[in-house]
Every structure is written in structure tokens, then in C-alpha cells.
Amino acid sequence: MTPFQAQVYELLSEIPEGTVTTYGDIAKAMHTNAVRAIGTAVGKNPNAPEVPCHRVVPRSGKIGNYSGEGGVIRKIALLQGEGVLVVNGKIVDFEQIRFLFKSS
DNA sequence: AGCGTGACGAACT
DNA sequence: TAGTTCGCCACGC
């Protein structure tokens, strides 16, 4: 576990149920452009159930990827279980349910 | 200590 | 509108 990852997971845990956020938003909240680094960190996903990592999606409004069991399919299932609708691999009303971190 | 990789993103063709 | 290219930076080898 690195400080960088700890920071990422901390932000992830702030995401309310039924909402989603993007890798870019996380990067922004951390004041960095390293979106790739965020993805790398989240992809490691050491504490899977602890952190709602499935609430993180690419800016495209699609699902992106998932390393957990079941892959993308599982990710979609988790989101829908929280009330997030997904059609054709895309999040419905993505911009509306998108959670934004407070920029400090 | 350098190199390649990756749960992305934005610009270009 | 879809596919490709390049940039970003943390991490493992």
C-alpha cells in the first residue's frame, strides 16, 4: 500500500451509493493529471469490498473495466443493484448521477 | 536506475 | 462517428 493509493481509496469511500464518479474527477481532486496512475491504483484494488471501486467509470459514461470477479458484468450488476441504470454498457443519466469531489 | 505497463482522457485523422 | 496516437504518472521488474 502506497500513500498515493491510500489517497485514492479514501476518495473512493466518499462516493455515495447510487452515484458514480470518473477517474478524471479523482485525478482532479488529487490535483494531478495522472489519470492513468489513478486507474492503476484502483485496478490493484487491495480492499475490494471495503471501497466502492465499482462506482468509478471512465468519462465516456461507459463502464470501463473491472478486475474483480465477473469482470465488467459484475461491475454493472453492482451498479444496478444500487439504482444506477446501465443500458448497452452505458450509464443512464451519467452526468446527473455523477458524484463530484469537493476541490480543496 | 531505466523501461514498460495500465480499471484513462483528450486531440487528431 | 469510430479508430488511432500521444500524454499522463505510479509501480513492478
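In what follows, the accompanying structure is described. These numbers come from a predicted model, not from an experiment. (Residues numbered from 1 in each chain as written. Chains lettered and ligands numbered in written order. Predicted model: local features only at pLDDT ≥ 70, side-chain atom pairs only at ≥ 80, totals over all residues. Heavy atoms only, no water.)

**A few points about the protein's contact with DNA strand C**
Then comes step 1: For DNA strand C, the full set of nearby residues is Thr2, Phe4, Gln5, Thr32, Ala34, Arg36 and Ala37.
Then comes step 2: Each atom of DNA strand C within 4 Å of the protein was classed as base or backbone; sugar and phosphate made up 65%.
Then comes step 3: Within the side chain of Arg36, an N or O atom sits 3.0 Å from a base oxygen of DNA strand C.
Then comes step 4: Counting residues per element, the ones that place at least two in the surface near DNA strand C are helix H1 (3–12) and helix H3 (35–44).
Then comes step 5: Residue classes in the surface near DNA strand C are distributed as three nonpolar, three polar and one charged. (Near = heavy atom within 4 Å. Polar contact = N/O pair within 3.5 Å; in protein donor to acceptor, adjacent residues only side chain to side chain. Helix = DSSP H or I, 4+ residues; strand = E, 2+ residues; numbered from the N terminus. Nonpolar A, V, L, I, M, F, W, Y, C, P; charged D, E, K, R; others polar.)

**Remarks on unusual backbone geometry**
Glycine aside, the phi torsion of most residues is negative, and most peptide linkages are trans.
Then comes step 1: If you check the backbone angles, His31 has positive phi at about 60° while not being a glycine.
Then comes step 2: With respect to the secondary-structure elements, His31 resides in the loop between helix H2 (23–29) and H3.
Then comes step 3: On the accessibility criterion, His31 (57% relative accessible area) is exposed.
Then comes step 4: Even without a glycine there, the phi angle at Asp93 is positive, about 55°.
Then comes step 5: Looking at the element boundaries, Asp93 is found in the loop between strand E4 (90–91) and helix H5 (94–97).
Then comes step 6: When its relative accessible area of 52% is taken as the criterion, Asp93 is described as exposed. (Buried < 20%, exposed > 50% of the residue type's maximum accessible area, 1.4 Å probe, protein only.)

**Structural notes on the packing of H1 against H3**
Then comes step 1: At a minimum axis separation of 10 Å, H1 and H3 run at an interaxial angle of 80°. Relative to H3, H1 is oriented roughly perpendicular. Along the contact surface, H1 presents Phe4, Gln5, Val8, Tyr9 and Leu12, while H3 presents Ala37, Ile38, Ala41, Val42 and Lys44.
Then comes step 2: Taken together, the residues of the contact of H1 with H3 sort by class into eight nonpolar, one polar and one charged. (Axes fitted to C-alpha atoms, helices over the stretch in contact; angles between N-to-C directions. Parallel < 35°, antiparallel > 145°, perpendicular 65-115°, else oblique. Contact = heavy atoms within 4.5 Å.)

**Quick notes on the protein's contact with DNA strand B**
Then comes step 1: If you check the shell around DNA strand B, you find 17 residues, and the closest are Arg36, Gly43, Pro58, Arg59 and Asn65.
Then comes step 2: At a separation of 3.0 Å, a base nitrogen of DNA strand B approaches a polar side-chain atom of Tyr23.
Then comes step 3: For DNA strand B, a base nitrogen lies 2.9 Å from a polar atom in the backbone of Asn65.
Then comes step 4: When contributions to the surface near DNA strand B are tallied by element, the ones reaching two or more residues are H2 and H3.
Then comes step 5: Here the surface near DNA strand B takes seven residues from H3, the largest share from any one element.
Then comes step 6: Of the residues in the surface near DNA strand B, the class split is seven nonpolar, seven polar and three charged.

Geometric descriptors of this kind do not, in isolation, establish any biological role.
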